[in-house]
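Each chain, written out:
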Amino acid sequence: MNDKINTQTKKLAFTGVFIALVFALTIVVRVPSPTGGYINIGDAAVLTAGIILGPVYGAIAAGLGSAISDIVAGAAIYAPGTLIIKALMALVVGLFYKKCKSNGRLIVLLILSELIMVAGYFLYDALVLYLTGGENVFLASLEEIVGNSLQGAIGVIGAIMLRRLFEDILTKMNEEKTS
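In this report, the structure presented in the accompanying data block is examined. (Residues numbered from 1 in each chain as written. Predicted model: local features only at pLDDT ≥ 70, side-chain atom pairs only at ≥ 80, totals over all residues. Heavy atoms only, no water.)

What follows is about helix 4 (residues 79-96). For helix 4, spanning 18 residues, the distance from its first C-alpha to its last is 26 Å, which sits close to the expected 26 Å at 1.5 Å a residue. Every buried residue of helix 4 is accounted for by Ala-79, Gly-81, Thr-82, Ile-85, Lys-86, Ala-87, Met-89, Ala-90, Val-92, Val-93 and Gly-94. (Helix = DSSP H or I, 4+ residues; strand = E, 2+ residues; numbered from the N terminus. Expected span 1.5 Å × (residues − 1). Buried < 20%, exposed > 50% of the residue type's maximum accessible area, 1.4 Å probe, protein only.)

Here is the structure:
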């Protein structure tokens, strides 16, 4: 029973760490986009949250950290969409990560997750622009694809690096526990 409580406590603590990490990486480097959003490097932490925390806690950390970033950055209109899109990205990675027996499969999984982001923001941008009376909704939403794709590529590379870092940390923690 005590091990179960200890494991649950660690999951919650790491979820808090990842909410903060997603927030920090999202808010620190922001490049404004034409539709009012911004390009950032937070996807590295979003994807890593799914890898390290699994589907449920990873989705919670990714969605909350990213949505809070939108609110703080003055792009609160994007927070609902971001919450869902980023949570879905981490959920997918968390569900399928253990099936990735090679780095090639992991990269494919991360790219597929980033495609969720690109498609999700294309649809969300179109909806926001339509509801706010924007012109050329389809064209304006298309403009975001390039920036979001670049953000996705950076996210994949960053996630591969962060994964190694966090797996090393967790391995050391587990070794200390058994010593």
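With that settled, the discussion passes to the environment of Thr-7. Inspection of the secondary structure assignment puts Thr-7 in helix 1 (residues 2-28). When the C-alpha atoms of Thr-7 and Lys-98 are compared, they prove to be 19 Å apart, with 91 residues separating the residues in sequence.

As a further point, take the pattern of salt bridges. A full pass over the atoms with the stated rule returns two salt bridges. Its salt-bridge partner being Lys-86, residue Asp-43 comes within 2.3 Å of it at the nearest N-O pair. One end of the pair, Asp-43, is in helix 2 (residues 43-53); the other, Lys-86, is in helix 4, and 43 residues separate them in sequence. Its relative accessible area of 3% is what places Lys-86 among the buried residues. With a closest N to O distance of 3.5 Å, Glu-167 and Arg-163 form a salt bridge. With Glu-167 and Arg-163 both in helix 6 (residues 137-178) and four residues apart, the pair spans about one turn of that helix. A relative accessible area of 27% places Glu-167 in the partly exposed class. (Salt bridge = Lys/Arg side-chain N within 4 Å of Asp/Glu carboxyl O.)

Any functional reading would require information that these geometric values do not contain.
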